[in-house]
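Read off the chains here:
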Amino acid sequence: MNRYLLTVLLLTSLLYSCSSDTASETDSATANNTTAPPAETTQAPTYPSIPADTIRALFNECDYIDYVFYYTNFSVSQKEKRDIQTAITYIASETPQINPSCQAVGRVFYQVDGENRLEADLYFNPNQGCIYYLFFQDGKPAYANRIMPAGIDFYTKIFQSAQSAQ
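Bear in mind that the values here come from a model prediction, so they are computed numbers and not experimental data.

Taken as a whole and judged by the stated rule, the model has one disulfide. A sulfur-sulfur separation of 1.6 Å characterises the disulfide bridge that pairs Cys 102 with Cys 130. Across the S-S bond of Cys 102 and Cys 130 the torsion is about -65°, and the bridge reads as left-handed. One end of the pair, Cys 102, is in the loop between α3 (81-88) and β3 (106-112); the other, Cys 130, is in strand β5 (residues 130-137), and 28 residues separate them in sequence. Given a relative accessible area of 8%, Cys 102 falls into the buried group.

Let us now look at the nonpolar core. Grouped together as the largest cluster of nonpolar side chains are 31 residues, with contacts concentrated most on Ile 65, Ile 88, Tyr 110, Leu 122, Tyr 133, Phe 135 and Tyr 155. Among the secondary structure elements, those contributing two or more residues to this core are α2 (52-61), β1 (64-69), α3, β3, β4 (115-125), β5, β6 (140-146) and α4 (149-165). Broken down by element, this core gets its largest block of residues, five residues, from α4. One finds Cys 130, Tyr 132, Leu 134 and Ala 144 within the second-largest nonpolar core, a separate group that totals eight residues.

Turning our attention to the sheet that holds strand β2 (residues 75-78). Strand order in the open sheet formed by six strands is β2-β1-β3-β4-β5-β6, and the pairing between neighbours is antiparallel. A single partner strand is all that each edge strand has here, and the edge strands are β2 and β6. Between one strand axis and the next, the sheet turns by 20° as a mean value, whatever way the strands run. As defined by bridge partners, β4 adjoins β5 across seven bridges and the pair is classed as antiparallel. By the bridge assignment, Asn 125 is partnered in β5 with Cys 130. Packing against the sheet, α4 makes contact with β1, β2, β3, β4 and β5, and its axis sits at approximately 80° to β4.

Procedures and definitions
Residues numbered from 1 in each chain as written. Predicted model: local features only at pLDDT ≥ 70, side-chain atom pairs only at ≥ 80, totals over all residues. Heavy atoms only, no water. Disulfide = S-S within 2.5 Å. Helix = DSSP H or I, 4+ residues; strand = E, 2+ residues; numbered from the N terminus. Buried < 20%, exposed > 50% of the residue type's maximum accessible area, 1.4 Å probe, protein only. Core = buried A, V, L, I, M, F, W, Y, C linked by side-chain atoms within 4.5 Å. Pairing = 2+ DSSP bridges. Axes fitted to C-alpha atoms, helices over the stretch in contact; angles between N-to-C directions. Contact = heavy atoms within 4.5 Å.

Interpretation note: all reported values are geometric properties and have no functional meaning in isolation.
Given below as structure tokens:
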């Protein structure tokens, strides 16, 4: 009997609160005599360029780069200082326009003494205009930078080599 009474009371209070919320919303809309603002369109996020001192430190200290590609069965690593420094110069100072329909094709890990110093998602689909890095700080997107033309050539050759190897 107590359970039945409790259930009835809960349902009654729930119905009352729902109907009073609807009534108050209707009353306030009528009182203001306004229409709801149009829904905002979702805009692509914008990120600042990665700080120059971060790039400088990476250029001087990075001793290993690991490229892990999401939709392929290969990865690429660089451990020669000259190759690493060249790869770091692929990071342009300009920020890209983020295209929400673009998908990251891989992750780039910049390491110093075996520790990940910086990580970036690689967006590389020239047909869609997706040619940029999205850098992470504390596990969240923080910076975005375009890829220099030499970097575009580098990634194009990597993907072409992978396709011809298959």
